[in-house]
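Residues per chain are reported as follows:
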Amino acid sequence: EKAALEAFRGKETATADGVHKVLAVNIGGPGDVPAALEHDGEAIGLFRTEFLFMDATSLPTEEEQFQAYQNVALALKGAPVIIRTLDVGGDKEIPYLKLQKEDNPFMGYRAVRYCLDNPDEYKVQLRALLRASAFGDIKIMVPLVTCMEELRQVKALVEECKSELDAEGVDYNKDIEVGVMMETAAAANIADLLADEAAFFSIGTNDLTGYTMASDRGNDKVAYLYSWYYPAVLRAIKKIIVSGVEKGIMVGMCGEAAADPLLTPLLISWGMEEFSVSAPSVLRTRKTISQWTKADADALEEKVIQLKTAEEVKAALEEASRK
Ligand code: PEP
Ligand code: MG
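Quick caveat, the model's predicted, so the values are computed rather than measured.

**Q** Is there a simple way to think about the site of ligand 1 in this case?
**A** Neighbouring residues of ligand 1: Leu 46, Arg 48, Asp 87, Glu 183, Gly 204, Thr 205, Asn 206, Asp 207, Cys 254 and Gly 255. The set of elements that each furnish at least two residues to the shell around ligand 1 consists of strand 2 (43-48) and helix 10 (205-213). Take the shell around ligand 1: its biggest share by element is 3 residues, from helix 10.

**Q** Could you clarify how one ought to interpret the UniProt feature "binding site: Mg(2+)" (unreviewed entry) in the protein in this entry?
**A** Per the UniProt record, the feature "binding site: Mg(2+)" (unreviewed entry) sits at Glu 183 and Asp 207. The annotated residues occupy 25 residues of the chain but converge on a single region, no pair of C-alpha atoms lying more than 5.3 Å apart. You can see Glu 183 is positioned in the loop between strand 5 (178-182) and helix 8 (185-189). With 28 C-beta atoms packed within 10 Å, Glu 183 lands in the buried category. Sequence-distant contacts of Glu 183, that is, excluding residues within four places in its chain, are made with Pro 143, Leu 144, Gly 204, Asp 207, Leu 208 and Tyr 211.

**Q** Even after reading the chapter, I still don't get unusual backbone geometry, so can you show me in this structure?
**A** Even without a glycine there, the phi angle at Asp 40 is positive, about 75°. Here Asp 40 lies in the loop between helix 2 (33-38) and strand 2. Despite not being glycine, Lys 77 shows a phi value in the positive range, around 50°. Among the secondary structure elements, Lys 77 is positioned in the loop between helix 4 (62-75) and strand 3 (80-84).

**Q** Where do I start with the packing of helix 4 against helix 6 (residues 119-132) in this structure?
**A** Helix-helix packing is characterised by the crossing angle of the two axes and by the distance between the axes. With their axes 8 Å apart at the nearest point, helix 4 and helix 6 run at an angle of 35° to one another. Viewed along their axes, helix 4 and helix 6 form a crossing whose handedness is right-handed. Across the interface between the two elements, Glu 62, Gln 65, Phe 66, Tyr 69, Gln 70 and Ala 73 of helix 4 pack against Val 124, Gln 125, Arg 127, Ala 128, Leu 129, Arg 131 and Ala 132 of helix 6. Residue classes in the contact of helix 4 with helix 6 are distributed as 7 nonpolar, 3 polar and 3 charged.

Basis of the calculations
- Residues numbered from 1 in each chain as written.
- Chains lettered and ligands numbered in written order.
- Predicted model: local features only at pLDDT ≥ 70, side-chain atom pairs only at ≥ 80, totals over all residues.
- Near = placed C-beta within 6 Å.
- Helix = DSSP H or I, 4+ residues; strand = E, 2+ residues; numbered from the N terminus.
- UniProt positions renumbered as here; feature names shortened; annotations may be inferred.
- Buried ≥ 20, exposed ≤ 12 C-beta atoms within 10 Å, placed from the backbone.
- Contact = placed C-beta atoms within 7 Å.
- Axes fitted to C-alpha atoms, helices over the stretch in contact; angles between N-to-C directions.
- Left-handed = near helix turned anticlockwise from the far one by under 90°.
- Nonpolar A, V, L, I, M, F, W, Y, C, P; charged D, E, K, R; others polar.

Here it is, written out as structure tokens:
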């Protein structure tokens, strides 16, 4: 198996009928880049910046953040690097921010909500990202978006930072892309609208599954509901991909589902372009993608999208994967 996978090292990621895909890697910081490249990742599809914040005892400065982002941009030598802005709250605690305990933290004050409520802190990160964008293909990704207002407010802050940098004579990529992490049921429902103003989508299936099924996977009693084989989750994913493809923006996936070989044909059928997985999953995912033609994937999709239960969906996908 390992030797068979090695045959995919250095190969283009493409379907059996030659549709090109991008195989990217999820990282938590510059320290994860060597493994990403060693496993033959082509890009960074998710840089979770909260580790920069969680590993510190106070907010990292603009300079500290700039160095981390620049480091990754340089190491990727012009390949895309999608950097997610601070995703605090929910399962990600940063003690020195001294956030109040909440009864329902997953529905509370977190991620883009916290950042927009603290624009001076947020601008430190956005300035660092803009400055680093002069050294590679950095794209900004906004987590936990639920409405257009949030995307517009973030983009306005980015413009404010650009004006400041212009005034200071600091270089940055004037066309830097601002995209949305699609991980709430709300965002999925308005994917067609968001696609008009987002530069790209990346589907965060870890949270999208939980928010769509109203199920906390850490809770044993309801964990059985936490599965992307439920038609509700599949249809949310489909709506996101199809909406993005229709509007001509790049659509990727950076949640765990991107590395699920059972799901690969559906993602191919819907036209998803970028798969972002953990480093050890790169070659296996490239292999799975190479085993499907668009026509075969479409035929399977037509059948699976009509199924009514997660069990039926999983069984159908398993059967197809054995062929
Ligand atoms: C996700 O929600 O799918 C995701 C990739 O982000 P995280 O796991 O960091 O919440
Ligand atoms: Mg998430």
